[in-house]
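The residues making up each chain are set out below.
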Amino acid sequence: MTLDQLPLNTPARIAAVDWSALVAEEAQRLQALGLDEGARVTLAYRGVFAGRDPLAVEIGRMTIALRRVHARAMTVETIAETLSA
Amino acid sequence: MSRNPAVAALVGNPNAGKSALFNALTGARQKIANYPGVTVERKAGRLLLPSGEPVELVDLPGSYSLDATSPDEEVTRKVIMGEQDGQARPDVIVLVLDSSNLEQHLVFAQEVIELGRPTVVALNMVDLAERDGLTIDPAALQTALGVPVIPTVAVRRRGLVELAAAIGEARDRAQASAAVPRPHVTLPERRMLAHQIASAAILSETTKHRIHARLDKVLLHPWAGPPILFALLFVVFQAVFSWATPFADGIEALVGALGDFAKQILPAGLARDLLTEGVIAGVGSVVVFLPQIVILFFFILLMEATGYMARAAFLMDRLMAGVGLSGRSFIPLLSSFACAIPGIMATRSITDPKDRLTTILIAPMMTCSARLPVYAVIIAAFIPNRAVGPGIGLQGLVLFCLYVAGIIGAMGVALVLRRSVTKGAASGFIMELPKYQLPTVKDLALGLWQRAWIFLRRAGTMIFTVTIALWILLNFPRAEPGQDQINASVAGTLANGLSVVLEPIGFNRDMSLAIIPAMAAREVAVSSLATTYAVGAEDEEQAALALGDQLKSRWTLPMALAFLAWFVFAPQCLSTIAVARRETNGWKWPAFMLAYLFALAYVAAGITFWTATAAGLG
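Notes on the structure in this doc start here. (Residues numbered from 1 in each chain as written. Chains lettered and ligands numbered in written order. Predicted model: local features only at pLDDT ≥ 70, side-chain atom pairs only at ≥ 80, totals over all residues. Heavy atoms only, no water.)

A separate point is the overall build of chain B. Assigned secondary structure in chain B consists of 28 helices and twelve strands. Here the C-alpha atoms of chain B give a radius of gyration of 27 Å, agreeing with the 25 Å that 2.2 N^0.38 yields for 618 residues. Projected onto the principal axes, the alpha-carbon positions of chain B cover approximately 90 × 55 × 45 Å. Across the 618 residues that make up chain B, the buried fraction comes to 56%. Across chain B, contacts joining residues at least 24 apart in sequence account for 73% of those joining residues at least 6 apart. (Helix = DSSP H or I, 4+ residues; strand = E, 2+ residues; numbered from the N terminus. Rg over C-alpha atoms; globule rule 2.2 N^0.38 Å. Buried < 20%, exposed > 50% of the residue type's maximum accessible area, 1.4 Å probe, protein only. Contact = heavy atoms within 4.5 Å.)

We now examine the packing of aromatic side chains. Residues and elements named next belong to chain B. Evaluation of the coordinates by the stated rule reveals 13 aromatic pairs over all chains. Plain terms: the ring middles of Phe-507 and Phe-563 are 5.8 Å apart, the flat faces sit at 55° to each other, and that makes the pair tilted. Residue Phe-507 is found in the loop between helix H21 (490-502) and helix H22 (509-515), and its partner Phe-563 is found in helix H26 (residues 557-569); the two are separated by 56 residues along the sequence. As far as burial versus exposure is concerned, Phe-507 and Phe-563 are alike and both buried. Through pairs of rings, three or more aromatic residues link up here, namely Phe-382, Phe-507, Trp-555, Phe-563, Trp-566, Phe-567 and Phe-598. Between Arg-311 and the ring centre of Tyr-436, over which it is positioned, the NZ or CZ distance is 4.1 Å. Lying over the aromatic face of Trp-587, Arg-581 brings its terminal NZ or CZ to 5.5 Å of the ring centre. (Phe/Tyr/Trp six-rings, centres within 6.5 Å; stacked < 30°, edge-to-face > 60°. Lys NZ or Arg CZ within 6 Å of the ring centre and 35° of its normal.)

Turning next to the pattern of salt bridges. Two side chains carrying opposite charge are able to pair once their charged atoms lie near each other. This model, assessed by the stated rule, comprises 17 salt bridges over all chains. With a closest N to O distance of 3.3 Å, Glu-73 of chain B and Arg-29 of chain A form a salt bridge. Of this pair, Glu-73 of chain B sits in helix H2 (residues 71-81) while Arg-29 of chain A sits in helix H1 (residues 24-32), on two different chains. Under the relative-accessibility criterion, Glu-73 of chain B is labelled buried at 3%. For the salt bridge of Lys-18 of chain B with Asp-59 of chain B, the shortest nitrogen-to-oxygen distance reads 3.7 Å. Residue Lys-18 of chain B is located in helix H1 (residues 18-26), and its partner Asp-59 of chain B is located in strand E4 (residues 54-59); the two are separated by 41 residues in the primary sequence. With respect to burial, Lys-18 of chain B and Asp-59 of chain B carry one shared label: buried. Each of the salt bridges in this network shares a partner with another, and the network as a whole consists of Asp-4, Arg-68 and Arg-72 of chain A. (Salt bridge = Lys/Arg side-chain N within 4 Å of Asp/Glu carboxyl O.)

The next thing to look at is the side chain of Arg-418 of chain B. Residue and element names in this part refer to chain B. Positionally, Arg-418 belongs in helix H18 (residues 394-419). Arg-418 sits in the buried class, given a relative accessible area of 7%. Of note is the side chain of Arg-418, whose polar atom sits 2.8 Å from the backbone oxygen of Gly-324. (Polar contact = N/O pair within 3.5 Å; in protein donor to acceptor, adjacent residues only side chain to side chain.)

All right, on to the environment of Leu-444 of chain B then. All names here are of chain B. On the secondary structure map, Leu-444 appears in helix H19 (residues 441-475). Given the relative accessible area of 13%, Leu-444 is considered buried. In sequence terms Leu-444 and Phe-299 are 145 residues apart; their C-alpha atoms lie 9.8 Å from each other. Residues in contact with Leu-444, not counting those within four places in the same chain, are Phe-298, Leu-301, Leu-302 and Pro-439.

Here we come to the environment of Leu-8 of chain A. All names here are of chain A. Structurally, the position occupied by Leu-8 is in the segment before strand E1 (12-17). Residue Leu-8 is classed as partly exposed on the basis of its relative accessible area, which comes to 41%. For the pair Leu-8 and Ala-56, spaced 48 residues apart in sequence, the C-alpha to C-alpha distance is 9.9 Å. For Leu-8, the residues in contact, after removing those within four places along its chain, are Leu-43, Ala-44, Tyr-45 and Arg-46.

Of the residues lining the interface, 31 residues belong to chain A; the matching set on chain B comes to 42 residues. Buried surface at the junction of chain A and chain B, summed over both partners, amounts to about 3,200 Å²; 56% is from carbon and sulfur atoms. Every element with two or more residues in the side of chain A that touches chain B is listed here: H1, strand E2 (40-46), strand E3 (55-59) and strand E4 (62-66) of chain A. Looking at which element gives the most residues to the side of chain A that touches chain B, the answer is H1 of chain A, with seven residues. Along the lines of polarity and charge, the residues of the side of chain A that touches chain B split into 15 nonpolar, six polar and ten charged. Here three bridges tie E4 of chain A to strand E12 (residues 431-433) of chain B, and the two strands are oriented antiparallel to one another. Of the residues in E12 of chain B, the one forming a bridge with Ala-65 of chain A is Met-431 of chain B. (Buried area = accessible area lost by both parts, 1.4 Å probe. Nonpolar A, V, L, I, M, F, W, Y, C, P; charged D, E, K, R; others polar. Pairing = 2+ DSSP bridges.)

What follows is the structure, encoded as structure tokens:
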């Protein structure tokens, strides 16, 4: 499953990122924001208009807006919600 | 040895609260200029150390990394490294961290601390972290980072004295020993360390309901969000018109009284006319719009300070993508509603060069505050002040339509440009949505004051000069008795020449006359009309008429509408052209901008005039 397919408000972990699918500067920026392999993310909002773009992703205590093309390059796996999370 | 004051630089991630901290540390004594060669804003101010010694404090653009991905971040890197022209290498680096976003901000913090330079950490916004249920141990953080950590709340002035003292001590230490760079680590290692450091420093973390999450539920809601944004923008434009009226009336009365007073105490003659018709009528007619400009900037600053601006960018991204831009362009374009100059400068945060160029080229079409005087005076004179619905006035509605016309025009041009001259890969949109914050009255007031002062200074210098020059051109050579003074004058001759081109789109001589000096600044069109009608008045009674009444008696409705349409598109501002030249490194794009905007203005004014005439509005 890729990040853009993740159901809303479901905790997940980024398993792999296909950096080659992204422009170098954008890849760099996503990494700087912490969107990288191993990061825990949840999808918080989707845009309303055609394509439901862009997406708002929560990572740590930050909310980051990105486009579906970026999210599509990120493979995620959901993590079972534990009480300690 | 050198008696130059020490330099300290504020460095940190975007949204760490740097600007609020900068305002709190330096007060109103700030100097805003540009770094030479680039148009990145340089904000500097004076900070007094507890010893009474002054330090120059520089606020650097927010960065996520020293590997710059935008011109803004490049300046931050260069200043820190001491490679930026016109800026001494900072003696002390003040790292600003958002307490409630510690883990993220510690990634960049480590990169800066690794440089081994004298560094002080301002653990900012500890109050917001507490609100979010976070308790942080500054001492643990200090041990882990190896640099002093001072908890601060910029908006409540907490920790400022301690921070100033720490800056002083760091500076003294710097003089005693040279920088010792620490071993460089990779980004994943840094991120892991950030997690460890943050986990160790956070004493307790309860998941309280975060206010911003609840606000976002509504404001970013797929269906509720966009209507809220548009409603908000509509309220802003209504407010610009209705709230400002009492203040504008007050200023107008004051200007009138001043003119009468000058007439009473001065002997009749050309000198008195220069003062009353040129200076007071001209400059006064522009100063009247100060309340509207202040109100507009108030809302823009408010949206920026609360964090809503980034949400607006999120909501607008899909629409902007439709014309080949991104939500990032929305912020520069919205700023352009105040003034295209800061708007064009704000495009620096757009990473894609084609995206950025397109945004620069369409920014002048956003209705800037300098157009407001022109719109306001024409609308007040020609559009009846009646309600067309509950709380919706016809005048406000027309104003709103003018803004919308500019936006639609800009979107259309962007669409065409992105498919032709600025063709390139589809641009992306990656941006942090900052936490919501209550803006502080002081920061808002300071921002408003800076904007109002810029406007008044322009009225006092450029508009003053242009108005006087125009008055002279209107009055010389003197007309023979019985001859029209304006037709006889230099300015009238020029305008009559220009009329040949502008007559087909409904412009009369006075309108052609007004758009020449308006190249200097758009609002000059109003003072030009005021001066022209004051000079051209046949008797005292006619001269005493307010500008609005003058216009009503001399223009038809289609003419007025054509004039409005012209101002929606025409590139009537030399400063904007100059900024575009600097930002695009050459004359090619500003020339292109001038040409297409004039063509668009001509066509739009023409279509408006012909349609209105055909509809029988004349």
